[in-house]
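Residues per chain, in single letters:
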Amino acid sequence: MAITACAAATIALVPSTVVGSAADDLNAVMADFQNDNDITPCLFTKQQLINAKSQIPADFNAYAPEFKVEINAEINRWDNGGCSGNPTGGSTAGLKIVSAKGKGKVKKESVKLKNTGSKKVSLKGYSLRNIAMKKIKFKKGTKIASGKTLRVLTKCQKGKKKASVKGKTYYACKSKEFWKDSGDVAQLLNKSGTLIAARQTK
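Here the structure is a predicted model, which means the values were calculated and not measured. (Residues numbered from 1 in each chain as written. Predicted model: local features only at pLDDT ≥ 70, side-chain atom pairs only at ≥ 80, totals over all residues. Heavy atoms only, no water.)

A. A look at the overall build of the chain. Counting its regular elements, the chain contains four helices and 11 strands. Residue burial in the chain is summarised as follows: out of 202 residues, 44% are buried. Counting contacts in the chain only where the partners sit at least 6 residues apart, residues at least 24 apart contribute 60% of the total. Total accessible area computed for the chain in this model is approximately 10,700 Å², and 50% of it derives from carbon and sulfur atoms. (Helix = DSSP H or I, 4+ residues; strand = E, 2+ residues; numbered from the N terminus. Buried < 20%, exposed > 50% of the residue type's maximum accessible area, 1.4 Å probe, protein only. Contact = heavy atoms within 4.5 Å. Areas by Shrake-Rupley, 256 points an atom, 1.4 Å probe, with all protein chains shown as cover.)

Spelled out as structure tokens, the structure:
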């Protein structure tokens, strides 16, 4: 069922003066939902979804009851580990996000990928995305052998000014923090832009 103008207006009336507030989370989740009446899998943290659910106006279910259903489904996805594996149900080429550290300065941020498949995987065209929809794109030549891991650091490699790879470590070479300290979702996209794995940062 399409979101009506009246329903959209109801959401627009929710106060959102504090950055990072529950009302902000509702507005963000609603904006994503309005694109296609679906919440993008693993795009929001479990806490953001809970916050959004708590802010739904009492009369909103009369306009779009499926919105709450979608939020509950996404919360269940996190609870059941669906965002740590394969959110979309398609082929992941054996790639998983096994850890995601987002708190602290640039030097402390890291995401670890693991290739659980039987073949080496090239990450050419792949990227990591945060909930602000910004990306860390992997440079040509970045690969993960079968059974091996790759640690993705936000910081630069010593002596380098661009993204680089050294052994089992990928340096994104970002000058600013990439993952939100208050909570983020590390999302791995394949070269087609399909979400294949996600994990909440800690």
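B. Inspection of the pairing of strand β11 (residues 195–200) at higher detail. Taken together, the five bridges between strand β10 (residues 185–189) and β11 define a ladder with antiparallel strand orientation. Within β11, the residue paired with Val 185 across the bridge is Gln 200. Hairpin connection from β10 to β11: five residues lie between these consecutive antiparallel strands, with Gly 193 at a positive phi of about 85°. (Pairing = 2+ DSSP bridges.)

C. Representation of unusual backbone geometry within the structure. Residues other than glycine seldom take positive phi values, yet Met 133 does so here, at roughly 70°. Under the relative-accessibility criterion, Met 133 is labelled partly exposed at 45%. Despite not being glycine, Cys 173 has its phi angle at roughly 60°, a positive value. Structurally, the position occupied by Cys 173 is in the loop between β9 (169–171) and β10.

D. Expanded view of helix α4 (residues 65–79). The terminal C-alpha atoms of α4 lie 22 Å apart, and with 15 residues this matches the ideal 21 Å at 1.5 Å per residue to within 8%. Looking only at α4, the buried set comprises Glu 66, Phe 67, Glu 70, Ile 71, Glu 74, Ile 75 and Trp 78. On the buried face of α4, the contacting elements are α2 (22–36), α3 (46–55), β10 and β11. Directly beyond the C-terminal end of α4, a positive phi value near 80° is found at Gly 81. (Expected span 1.5 Å × (residues − 1).)

E. Region of interest: the pattern of salt bridges. Going through the model one piece at a time under the given rule, you end up with two salt bridges. With its nearest N and O atoms 2.5 Å apart, the salt bridge here joins Asp 79 to Lys 46. With Asp 79 in helix α4 and Lys 46 in helix α3, this residue pair connects regions lying 33 residues apart in the sequence. (Salt bridge = Lys/Arg side-chain N within 4 Å of Asp/Glu carboxyl O.)

F. Main features of the sheet that holds strand β2 (residues 110–115). Here we have five strands laid out as an open sheet, ordered β1-β2-β7-β9-β8, and mixed in their pairing. Each edge of the sheet is formed by a strand with only one pairing partner; in this case those strands are β1 (95–101) and β8 (164–166). For this sheet, the mean inter-axis angle between neighbouring strands, taken without regard to orientation, is 20°. Judged from the three bridges that link them, strand β7 (residues 149–153) and β9 form a sheet pairing that is parallel. Residue pairing across strands places Arg 151 opposite Thr 169, the latter belonging to β9. (Axes fitted to C-alpha atoms, helices over the stretch in contact; angles between N-to-C directions.)

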